[in-house]
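Breakdown of the fold
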Amino acid sequence: MAFKITPTVQGEEVPYKNPSPEFYEAVGGEEGMRKLMYSFYDLIYESDIANFFPQDKAEFDKVKEKNTKFFIQRCGGPKVYEDESGGMDLNEYMIRVHDDFSIAEKARVEWLGCMREALKNYDMDEAIKQDFWDYVEAFSKLTVNDFPKRENPYF
């Protein structure tokens, strides 16, 4: 299945829904989610957006673990990310975390490309996989905060 990437449009409302807990079960629960997300972040570490992450391997591994906990909880697993979000809605918290970085559409597409590659290694019902993809594809638009400057036609 080819996972579609649609462009982010500045100011456009982005509807999304959290992934079904069926994905968490299909990927193999907490252990399977760790395997998937570690594979994904290993791809990120070698990608064109590696510069967004710590280059020290030990520090990168901490970020990888922290972000893996987000996906474990967001996909219906145990509440392992609660301490990080301080009670804030997990999605809202993750959007705010990205506010500190200048994230352009090109970086989002690279991030999604790494996720697409990591998902290829998982044999599960395509509808379940698509449901997870739909979440990350739409939700990732909310992290984009660096848009091309529009020229003012009046000057």
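The sections below set out a description of the structure shown in this document.

Criteria and cut-off values
Residues numbered from 1 in each chain as written. Predicted model: local features only at pLDDT ≥ 70, side-chain atom pairs only at ≥ 80, totals over all residues. Heavy atoms only, no water. Phe/Tyr/Trp six-rings, centres within 6.5 Å; stacked < 30°, edge-to-face > 60°. Helix = DSSP H or I, 4+ residues; strand = E, 2+ residues; numbered from the N terminus. Buried < 20%, exposed > 50% of the residue type's maximum accessible area, 1.4 Å probe, protein only. Lys NZ or Arg CZ within 6 Å of the ring centre and 35° of its normal. Expected span 1.5 Å × (residues − 1). Contact = heavy atoms within 4.5 Å. Polar contact = N/O pair within 3.5 Å; in protein donor to acceptor, adjacent residues only side chain to side chain. Axes fitted to C-alpha atoms, helices over the stretch in contact; angles between N-to-C directions. Parallel < 35°, antiparallel > 145°, perpendicular 65-115°, else oblique. Left-handed = near helix turned anticlockwise from the far one by under 90°. Nonpolar A, V, L, I, M, F, W, Y, C, P; charged D, E, K, R; others polar. Patch = residues over 30% accessible without salt bridge, like charges linked within 9 Å, V, L, I, M, F, W, Y side chains within 5 Å. Areas by Shrake-Rupley, 256 points an atom, 1.4 Å probe, with all protein chains shown as cover. Salt bridge = Lys/Arg side-chain N within 4 Å of Asp/Glu carboxyl O. Lys, Arg positive; Asp, Glu negative; His and termini not counted. Charge placed at Lys NZ, Arg CZ, Asp CG, Glu CD. 1 Å grid on protein atoms, 1.4 Å probe; cavity = no way out; pocket = protein on both sides within 12 Å on 5 of 7 lines; lining within 4 Å. Points joined across faces, edges and corners; volume = space filled by probe spheres on them.

1. A look at the packing of aromatic side chains
Ring pairs (aromatic) are described by centroid distance and by the angle formed between their planes. Evaluated as defined, the whole model comprises 13 aromatic pairs. Ring centres 4.5 Å apart and planes at 50 degrees place the aromatic pair Tyr45 and Phe60 in the tilted group. Residue Tyr45 is located in helix H2 (residues 29–45), and its partner Phe60 is located in helix H3 (residues 57–74); the two are separated by 15 residues in the primary sequence. For Phe60, a relative accessible area of 0% puts it in the buried group. Looking at Lys64, its charged tip hangs above the ring of Tyr38, at a distance of 5.0 Å from the centre.

2. With respect to helix H7 (residues 126–141)
Since there are 3.6 residues in each turn of an α-helix, residues three or four apart along the chain are aligned in direction. For H7, built from 16 residues, the straight-helix expectation of 22 Å at 1.5 Å per residue is met to within 8% by its first-to-last C-alpha distance of 23 Å. Counting buried positions along H7 gives twelve out of 16 residues, so the element sits mostly inside the fold. Taken as a whole, H7 has its buried residues at Ile128, Lys129, Asp131, Phe132, Trp133, Tyr135, Val136, Glu137, Ala138, Phe139, Ser140 and Lys141. As for H7, its buried residues are in contact with helix H1 (21–27), H3, helix H5 (90–98) and helix H6 (105–119). Where H7 begins, the capping side chain belongs to Asp125, and its oxygen is found 2.7 Å from the backbone nitrogen of Ala127.

3. Focus: the packing of H3 against H7
Running from N to C, H3 and H7 cross one another at 125 degrees; their axes reach a closest spacing of 13 Å. Classified by the interaxial angle, the pair formed by H3 and H7 is oblique. The chirality of how H3 crosses H7 is right-handed. Listed contacts from H7 to Phe70, Phe71 and Arg74 of H3 are Phe132, Tyr135 and Val136. Residues of the contact of H3 with H7, tallied by class, amount to five nonpolar, no polar and one charged.

4. Structural notes on a negative patch on the surface
Taken together, Glu22, Asp123, Asp125 and Glu126 make up a surface patch of like negative charges. As for its position among the elements, Asp123 is in the loop between H6 and H7. Accessibility expressed as a relative area gives 77% for Asp123, which makes it exposed.

5. Considering the layout of surface pockets
Within this model, the largest pocket holds a volume of roughly 540 Å³. Mapped by element, the contributors of at least two residues to the lining of the largest pocket are H3, H5, H6 and H7. Top element by residues in the lining of the largest pocket is H3. It accounts for five residues. Partitioning the lining of the largest pocket into residue classes produces 18 nonpolar, four polar and two charged.

Geometry only, nothing functional implied.
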